[in-house]
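Okay, here's what each chain looks like letter by letter:
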Amino acid sequence: MKKGIRALLALLALTMTATAARAQTMEELRATATPLQERIEACGRTIQLDVSPTLPDIPAMGVYRATMESGEIEDGVVVHAPLPEKRRGFALRRKEPAVYTPDTLTDGARATGHPLTAVEVLGRAWAHLAPRVEAAPGVGAAWRQITVSEPVYWYDKNAGTWGDPAVEGGAGFYSIEYDLTLQGAPLLEGDAFVRDSAAYYEAGGYADWVEQPCASAFADAERDETSIVVHYALPMVYETLAEAVDLAPMEAVYDALRGLVRDGQLRGARELRLGYRAFLFGERPEDGETTEKEFALVPVWVCRGEFYENPEEEPDDRMASMGVPMESDIVIDARTGALLEGARIVDLGL
């Protein structure tokens with residue numbers, strides 16, 4: 001009887017292990033995507049991982065081939081008056097900007113001295129960006145935040161008080177950031193880290209830099225003159241290699257992060273998102289050879305984390321004091337759970 005129970009328990013354990021390891025559909029992955037909360041002792045440090053995965057609400061993810069269209073659209077030109085020379089006891093400074101999201105923006109939000117409100121700037125910028133987005137198959141765009149910056153003021157350093165604007169007729173300005181999607185899943189930016197940068201560049205990886213899909217806008221003004229500049233890089237999908245691919249279970253993704261922690265390279269993670277990332281596709285051209293860049297868009301997990309190439313390296317106190325974290329984008333193939341280093345994929349495994 002006891003042998004039978006032990007055999008049944010062993011079979012159950014084997015079944016559970018096989019289930020956890022097998023590839024999953026998007027629906028299955030969403031149902032099993034629990035947070036990673038774990039403390040790991042590695043290289044004389046105690047690392048606490050506490051990160052929750054974010055998944056798009058879509059039925060499946062595929063693999064695509066594309067080219068990349070990028071450009072800059074300029075609407076108007078602003079000629080700025082030069083800033084005055086500094087005065088003893090005074091500094092030329094800007095006040096803290098205001099940052100708005102779609103949930104917090106009000107109709108009256110306006111940069112000081114700017115002829116246009118934030119809402120009007122969003123409308124003018126979108127009028128230029130929208131035709132480009134509509135021409136990119138499967139791509140969507142929505143503004144994520146608009147930053148409203150102040151003009152330059154005189155600041156009394158002794159009294160700690162703000163004075164008049166430094167330039168008569170000067171104005172603040174706006175910066176807009178957009179989120180891009182492909183078939184409803186986010187297009188994720190950021191350069192994928194490499195664990196050994198010297199070896200990577202020696203192999204020619206320096207030639208693989210590519211601008212990731214993105215969109216932004218900047219709106220300037222002075223003396224009632226206005227200028228809006230829109231920058232974009234959009235994938236132009238021309239082939240669907242797979243409409244739906246199986247995805248690795250979360251444990252496979254978490255194992256990749258645990259491995260980096262145990263190697264002393266990952267010291268913390270604050271964000272883990274599932275989406276698409278653009279990679280250069282195919283073999284690297286020989287030196288001097290010119291070829292049109294082709295891209296593969298594949299489902300990946302991107303983890304924003306504190307990463308050090310050298311396990312012995314310690315945080316840079318000077319950079320930390322300036323609020324600059326030692327962070328990188330760790331990219332993991334959502335289909336296999338394997339780390340993806342650099343900007344190029346040669347074999348899609350399809």
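Reading the values: rules and limits
Residues numbered from 1 in each chain as written. Predicted model: local features only at pLDDT ≥ 70, side-chain atom pairs only at ≥ 80, totals over all residues. Heavy atoms only, no water. Helix = DSSP H or I, 4+ residues; strand = E, 2+ residues; numbered from the N terminus. Buried < 20%, exposed > 50% of the residue type's maximum accessible area, 1.4 Å probe, protein only. Contact = heavy atoms within 4.5 Å. Areas by Shrake-Rupley, 256 points an atom, 1.4 Å probe, with all protein chains shown as cover. Expected span 1.5 Å × (residues − 1). Salt bridge = Lys/Arg side-chain N within 4 Å of Asp/Glu carboxyl O. Polar contact = N/O pair within 3.5 Å; in protein donor to acceptor, adjacent residues only side chain to side chain. Pairing = 2+ DSSP bridges. pLDDT = per-residue confidence, 0-100. Phe/Tyr/Trp six-rings, centres within 6.5 Å; stacked < 30°, edge-to-face > 60°. Lys NZ or Arg CZ within 6 Å of the ring centre and 35° of its normal. Axes fitted to C-alpha atoms, helices over the stretch in contact; angles between N-to-C directions.

Can you explain the overall build of the protein? Please cite residues and give values.
Each helix and strand counted, the protein has six helices and 17 strands in total. For the protein, with 350 residues in total, the buried portion stands at 42%. Within the protein, contacts between residues separated by at least 24 positions form 79% of all contacts whose residues are at least 6 apart in sequence. Taken as a whole, the protein presents about 18,800 Å² of accessible surface, with 51% of it coming from carbon and sulfur.

Explain helix H5 (residues 250–262) to me, and be specific about the residues and the numbers.
For H5, built from 13 residues, the straight-helix expectation of 18 Å at 1.5 Å per residue is met to within 8% by its first-to-last C-alpha distance of 18 Å. Among the residues trailing H5, Gly264 stands out with phi positive, at a value near 80 degrees.

Outline the pattern of salt bridges, listing residues and values.
Working definition: two side chains of opposite charge can pair if their charged atoms are close together. According to the stated counting rule, one finds 14 salt bridges in the structure shown. A salt bridge links Arg144 to Glu177, with the shortest nitrogen-to-oxygen separation between them at 2.5 Å. Residue Arg144 is found in strand E7 (residues 139–149), and its partner Glu177 is found in strand E10 (residues 173–182); the two are separated by 33 residues along the sequence.

Tell me about the environment of Ala81, and please be specific about residues and values.
By the element assignment, Ala81 lies in the loop between strand E4 (63–75) and strand E5 (90–94). Each C-alpha atom of the pair Ala81 and Val167 lies 7.1 Å from the other, and the pair is 86 residues apart in sequence. In this structure, Ala81 is in contact with Val167, Glu222 and Arg223, ignoring residues within four places of it in sequence.

Can you explain the side chain of Gln212? Please cite residues and give values.
By secondary structure assignment, the location of Gln212 is in the loop between helix H4 (197–202) and strand E12 (214–222). Polar contacts involving the side chain of Gln212 include one to the main-chain carbonyl oxygen of Ala278, which spans 2.9 Å.

How would you summarise the pairing of strand E16 (residues 327–333) if you had to cite specific residues and measurements?
With respect to burial, E16 is a largely interior element, six of its seven residues being buried. Looking at chain direction, strand E15 (residues 295–307) and E16 are connected through seven bridges and run antiparallel. The partner of Arg304 across the bridge, within E16, is Asp329.

Can you tell me about the side chain of Thr117, naming the residues and giving the values?
Tracing the sequence through the fold places Thr117 in the loop between strand E6 (98–100) and helix H3 (118–134). For Thr117, the residues in contact, after removing those within four places along its chain, are Asp107, Ala109, Arg110 and Tyr174.

Give a description of the confidence of the model for the protein that names residues and reports values.
Looking at the protein as a whole, its pLDDT mean stands at 87, while 89% of the residues score no less than 70. The low-confidence segment residues 1–20, where pLDDT is below 50, has one contact with residues more than four positions distant or belonging to other chains.

Describe the packing of aromatic side chains, listing the residues and the values that go with them.
Given two aromatic rings, one states the distance between the centres and the angle between the planes to describe the pair. The full count for this structure, using the stated rule, is eight aromatic pairs. A centroid spacing of 5.1 Å and a plane angle of 40 degrees characterise the contact between Phe173 and Phe218, whose relative ring orientation is tilted. In this pair, Phe173 is assigned in strand E10 and Phe218 in strand E12, connecting sequence segments 45 residues apart. The rings of Tyr153, Tyr155 and Trp162 are connected pair by pair, giving a single aromatic cluster. One cation-aromatic arrangement involves Lys95 over Tyr153; the distance from NZ or CZ to the ring centre is 4.5 Å. Between Arg267 and the ring centre of Tyr308, over which it is positioned, the NZ or CZ distance is 4.0 Å.

Summarise the pairing of E15; cite the residues concerned and give the values.
The element E15 is largely enclosed, with a buried count of eleven among its 13 residues. Sheet topology places strand E14 (residues 266–281) next to E15; 13 bridges connect them, and they run antiparallel. Its bridge partner being in E15, Leu266 is matched across the sheet by Phe307.

Residues and numbers for the sheet that holds strand E9 (residues 161–165), please.
Read from one edge of the open sheet, three strands run E5-E8-E9, paired in antiparallel fashion. Where the open sheet ends on each side, the last strands, each with one partner, are E5 and E9. Between one strand axis and the next, the sheet turns through 40 degrees on average, direction left out of account. In this sheet, strand E8 (residues 152–156) lies alongside E5 in antiparallel orientation, the contact comprising five bridges. Bridging across to E8, Leu92 finds its partner in Trp154.

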